[in-house]
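Commentary on secondary and tertiary structure
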Amino acid sequence: MDTLIKNIKKLVQTEDVQRKWVAGKDMAKLPSIDNAWLLIKDGLIADFGTMDNCPEVDEGTELDVQGRMVLPSFCDSHTHIVYPGSREIEYGDKIKGLSYEEIAKKGGGILNSSKLLAETSSDDLYEQALERIHEIISFGTGAVEIKSGYGLDTENELKMLRVIRRLKETTPITIKANFLGAHSIPMEYRNDQTKFVDKVINEMIPAVAAEDLADYIDVFCDNGFFTVEDTERILMAGMKYGMRGKIHANELDYSGGIQVGVKYNALSVDHLEFVGPEEIKALQGSETMPTVLPGAAFFLNMKSSPVRDMMNAGLPVALASDYNPGSSPSGNMKFIMSLGCINYKMTPEEVINATTLNTAYAMGVQDELGSIARGKKANLIITKPIPSVEFLPYAYTSHLVEQVILNGELVALD
Ligand code: NIG
Ligand code: FE
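Computed from a prediction, not measured in an experiment: that's the story for all the values here. (Residues numbered from 1 in each chain as written. Chains lettered and ligands numbered in written order. Predicted model: local features only at pLDDT ≥ 70, side-chain atom pairs only at ≥ 80, totals over all residues. Heavy atoms only, no water.)

**Examining helix α5 (residues 154–170)**
The condition that has to hold: For helices the rule is a DSSP run of H or I covering at least 4 residues; for strands it is a run of E covering at least 2, with both sets numbered from the N terminus onward. One fewer than the residue count of a helix, multiplied by 1.5 Å, yields its expected span. Burial here depends on accessible area, computed with a 1.4 Å probe over protein chains only, as a share of the maximum for the residue type. Under 20% is buried, over 50% is exposed, and the range in between is partly exposed. The contact criterion used throughout is that any non-hydrogen atoms of two residues lie within 4.5 Å.
Compared with the 24 Å implied by 1.5 Å per residue over 17 residues, the 24 Å span of α5 between its first and last C-alpha is a close match. Those residues of α5 that fall on the buried side of the exposure criterion are T154, N156, E157, L158, K159, M160, L161, V163, I164 and L167. Contact partners of the buried residues in α5: α3 (110–118), α4 (122–138), β8 (141–147), β9 (174–182) and α6 (193–210).

This is the structure we're talking about:
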């Protein structure tokens, strides 16, 4: 069935020729059409243009969206939304002054979620994650990458990844799965980290691959977590099974994570609070998307990643939510845009590029999502009536998503 959306105040992020990402100075440009229409056929964007040549549809639905804007759905290329419970107790510790690393050292943090996960049934885990999926859809997210990483043993990592597969099968949002076996070192391996890395490589990766449960492979390559050498070994092992790297890097220090990610052609390196000239040089000319997670930096009160330096060096930058119970308990990509503007001094155009096409690339879906282009999936946001595109990040807590279309269908929002 066809759907015609007409009288669109502004159709944002349009493309006649598809780009793989937006980089450097181009990030300040946001191609858009005023007073536009958009036609959806079989779940895909069939065509679009200006109202002076609006087509008629004989059969199908017409949506008159006067005063409203239409954008491609957000792609959230870094989340951990399959997790049990919550960790607001650590929030108190953090407010009192304990750092993320200090909490982790005490056996808190990721290990707390891991303990609870082992006691949680798959059905319960699925239901909790489903609620978060509905929440992010209502915020305008149309594609999400989800990591494992709270299992920390083979059985529980498989449990998480099977939940992600069930979410793929039962929800209209596009999902990519990322195997993060090396998220934290379990207490019993704290004196022999290499033994745990061996287990990830020899036991977990083959088991994950046998059920084809992961599109990507992740490692938390940082101070106090996994080393460059660990990361190298895990990335190589994953690549043998066709899992490309998408890794946590340089959140806590100049860890070498960015360089090792680029060396193994990771699709993205994420966090990036610690980036200097060497890291920027490594990223230049690579196929790796630098991805910044402003929600985690905000929640943990960390220094901001030097996003402007990266863009000045001609790099693309993506912004994702990192939705997880420890460092970013929110998947609101509109708020991520606001943080991008306020804390990283990005312009509204830059943050829209960073949360749509660049995050689509960072999760390997840039051919099907991330912009308004003919043939791409019709995953769209219809805003409430708003005065300008800048109003979206400006009104930083207003809920401005009125309707959501996924695969060409209007989604009922709670
Ligand atoms: O991306 N940095 C590592 N992992 C997550 C946090 C996970 C957690 O604390 O539960 C992150 O911030
Ligand atoms: Fe993360």
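**A look at the pattern of salt bridges**
Think of it this way: side chains of opposite charge can pair up when their charged atoms draw near. Test applied: Every case where a carboxyl oxygen of Asp or Glu lies within 4 Å of a side-chain nitrogen of Lys or Arg is listed as a salt bridge.
Under the definition given, this model contains 20 salt bridges. The residue E62 makes a salt bridge to K6 at a minimum N-O spacing of 3.0 Å. Taken as a pair, E62 in strand β5 (residues 61–64) and K6 in strand β1 (residues 3–12) lie far apart in primary sequence, 56 residues in all. According to the relative accessible area criterion, K6 is partly exposed, its value standing at 21%. As a salt-bridge pair, R19 and E15 come within 2.6 Å of each other at their nearest N and O atoms. Assessed through its relative accessible area of 25%, R19 is described here as partly exposed. Linked by salt bridges that have partners in common, E15, R19 and K376 make up one network.

**Observations concerning the packing of aromatic side chains**
The criterion, for reference: Aromatic rings from Phe, Tyr and Trp, taking only the six-membered ring of Trp, are treated as a pair when their centres fall within 6.5 Å; an angle between ring planes under 30 degrees marks them as stacked, one over 60 as edge-to-face, and anything in between as tilted.
All told, the structure shown has nine aromatic pairs when counted by the stated rule. Where Y83 meets Y323, the ring centres are 6.4 Å apart and the plane angle is 65°; that geometry is what we call edge-to-face. Of the two residues, Y83 sits in the loop between β7 (74–79) and α1 (88–95) while Y323 sits in the loop between β14 (318–319) and α12 (333–344), which places them 240 residues apart along the sequence. Geometrically, the ring pair formed by Y254 and F274 is edge-to-face, given 5.4 Å between the ring centres and 75° between the ring planes.

**A short note on the site of ligand 1**
To keep it simple, the criterion reads: Nearness here has a simple test: a residue counts as near a molecule or strand if at least one of its heavy atoms is within 4 Å of that partner. Counted as a polar contact is a pair of N or O atoms within 3.5 Å, where, for protein atoms, one must be capable of donating a hydrogen and the other of accepting one, and residues adjacent in sequence contribute only when both atoms are in side chains. Surface accessibility follows the Shrake-Rupley procedure with a 1.4 Å probe radius. Residue values consider only the protein chains on display as shielding. Gly falls in the polar group here, along with every residue not listed as nonpolar (Ala, Val, Leu, Ile, Met, Phe, Trp, Tyr, Cys, Pro) or charged (Asp, Glu, Lys, Arg).
Around ligand 1, 15 residues are found, and the nearest of them are R87, Y100, Y150, D322 and S327. With respect to ligand 1, the side chain of E251 contributes an N or O atom lying 3.0 Å from a nitrogen atom. For ligand 1, the protein covers 100% of the area, taking 330 Å² as the surface of the free molecule. Taken together, the residues that form the shell around ligand 1 break down as four nonpolar, eight polar and three charged.

**So, the domain arrangement of the protein chain**
What counts, and what does not: The split of the chain into domains comes from an automatic or database domain assignment. As used here, buried area is the combined drop in accessible area, with a 1.4 Å probe, of two parts when they are placed together.
Taken domain by domain, the protein chain consists of domain 1 (2–73 + 371–411) and domain 2 (74–362). Counting from both sides, the interface comprises 37 residues of domain 1 and, opposite them, 35 residues of domain 2. Approximately 2800 Å² of surface area, both sides summed, lies buried where domain 1 meets domain 2, with 65% of it carried by carbon and sulfur atoms. Contact with domain 2 buries surface across domain 1, with W21, M27 and P393 losing the most and accounting together for 25% of the total. Between domain 1 and domain 2 we count one salt bridge in total.

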